[in-house]
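Working through the structure, step by step
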Amino acid sequence: QQQVKQSPQSLIVQKGGISIINCAYENTAFDYFPWYQQFPGKGPALLIAIRPDVSEKKEGRFTISFNKSAKQFSLHIMDSQPGDSATYFCAASKGSNTGKLIFGQGTTLQVKP
Amino acid sequence: DAGVTQSPTHLIKTRGQHVTLRCSPISGHKSVSWYQQVLGQGPQFIFQYYEKEERGRGNFPDRFSARQFPNYSSELNVNALLLGDSALYLCASSAQTGDTEAFFGQGTRLTVV
């Protein structure tokens, strides 16, 4: 059972554009929703995370939008740069357990100069 | 400060063999989690250990086992290796089980031939 579904699988954006990646979850007990960035040959690195008591969180060029009723959350990357080219994973966990994450399938982002 | 360190970085094993992967968490972190990342997919949770006790186990066969030592380092053991065990094995550490960021190591690339 796929508990966190991520789309699109791949995304190509022009430099300066907005990249949008979406995730949907099934388990209403999830209460922690992070986004991770992974470069080839590296482990995932936390970008930004949100909890269900807020609908939006912004850190620099990265914004999470959260819709509790729809059980969906998304990552927006503003002013996308070639250095943002990487694979992005959404994830979720219960009880705010950051060590037991359920990951989406990943989105490969390519930002063209 | 050193991040999460994993060893070895790469490993080639034959079907049926046994493998031990090692992880040293960030200093002061007591929670260690293991994930399996098959090429092109998101990481899948295998185990979480906190204060040397198992706190969670994912949907993996009994061929997979792990332990955490008094210094909070951890080992992941896989017996009777199958071709399908070929993957990147990631270790993540956090200070506690909840409300603290999980940091990932670079992983061990296991190839089973």
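A brief look at the structure comes next.

The rules we used
- Residues numbered from 1 in each chain as written.
- Chains lettered and ligands numbered in written order.
- Predicted model: local features only at pLDDT ≥ 70, side-chain atom pairs only at ≥ 80, totals over all residues.
- Heavy atoms only, no water.
- Helix = DSSP H or I, 4+ residues; strand = E, 2+ residues; numbered from the N terminus.
- Rg over C-alpha atoms; globule rule 2.2 N^0.38 Å.
- Buried < 20%, exposed > 50% of the residue type's maximum accessible area, 1.4 Å probe, protein only.
- Areas by Shrake-Rupley, 256 points an atom, 1.4 Å probe, with all protein chains shown as cover.
- Lys, Arg positive; Asp, Glu negative; His and termini not counted.
- Charge placed at Lys NZ, Arg CZ, Asp CG, Glu CD.
- Pairing = 2+ DSSP bridges.
- Contact = heavy atoms within 4.5 Å.
- Axes fitted to C-alpha atoms, helices over the stretch in contact; angles between N-to-C directions.

Next up on the list: the overall build of chain B. Within chain B, the regular secondary structure consists of 0 helices and 11 strands. Listing each helix as α and each strand as β along chain B from the N terminus yields β-β-β-β-β-β-β-β-β-β-β. The globule rule puts the C-alpha radius of gyration for 113 residues at 13 Å, and the 13 Å found for chain B is close to it. Its C-alpha atoms put chain B at 40 × 25 × 25 Å along the principal axes. Burial analysis of chain B (113 residues in total) assigns 50% to the buried set. Of the roughly 5400 Å² of accessible surface on chain B, a fraction of 47% belongs to carbon and sulfur atoms. Side chains of chain B carry 10 positive and 9 negative charges; the gap between the two charge centres is 9 Å.

The pairing of strand 4 (residues 30–38) of chain A with strand 5 (residues 45–50) of chain A spans 5 bridges and is antiparallel. Paired with Pro-34 of chain A across the two strands is Ala-49 of chain A, which belongs to strand 5 of chain A.

Now for unusual backbone geometry. The peptide bond linking Ser-7 of chain A to Pro-8 of chain A adopts the cis configuration, its omega dihedral lying at -5°. Of note, Pro-8 of chain A is situated in the loop between strand 1 (4–7) and strand 2 (10–14). Cis peptide bonds are those with omega within 30 degrees of zero, and the linkage from Ser-7 of chain B to Pro-8 of chain B qualifies with -10°. Topologically, Pro-8 of chain B is positioned in the loop between strand 1 (5–7) and strand 2 (10–13). With a phi close to 45°, Asp-79 of chain A is a non-glycine residue in the positive phi region. Along the polypeptide, Asp-79 of chain A turns up in the loop between strand 8 (72–77) and strand 9 (86–94).

The next point concerns the environment of Phe-64 of chain B. Residue and element names in this part refer to chain B. Tracing the chain through its elements places Phe-64 in strand 7 (residues 64–68). Along the sequence, Phe-64 and Phe-47 sit 17 residues apart, while their C-alpha atoms lie 9.1 Å from each other. Apart from the residues within four sequence positions on either side, Phe-64 is in contact with Gln-36, Ile-46, Phe-47, Arg-57, Asn-77, Val-78, Asp-85 and Tyr-89.

Here we take up the environment of Leu-21 of chain B. All names here are of chain B. Mapped onto the fold, Leu-21 is located in strand 3 (residues 19–24). Owing to a relative accessible area of 1%, Leu-21 belongs among the buried residues under this scheme. Separated by 11 residues in the primary sequence, Leu-21 and His-10 have C-alpha atoms spaced 10 Å apart. If sequence neighbours within four positions are ignored, Leu-21 has contacts with Ser-7, Pro-8, Leu-11, Trp-34, Ser-74, Glu-75, Leu-76, Tyr-89 and Thr-108.

With that out of the way, let us pick up the sheet that holds strand 8 of chain A. Residue and element names in this part refer to chain A. The sheet built from 5 strands is open, its strands ordered 1-3-8-7-6 with antiparallel pairing. Of all strands in the sheet, those bounded by a partner on one side alone are strand 1 and strand 6 (56–59). Shown here is a sheet whose adjacent strand axes are inclined to one another by a mean of 15°, direction ignored. In terms of strand pairing, strand 7 (residues 62–67) meets strand 8 through 6 bridges, oriented antiparallel. What sits directly across from Thr-63, in strand 8, is His-76.

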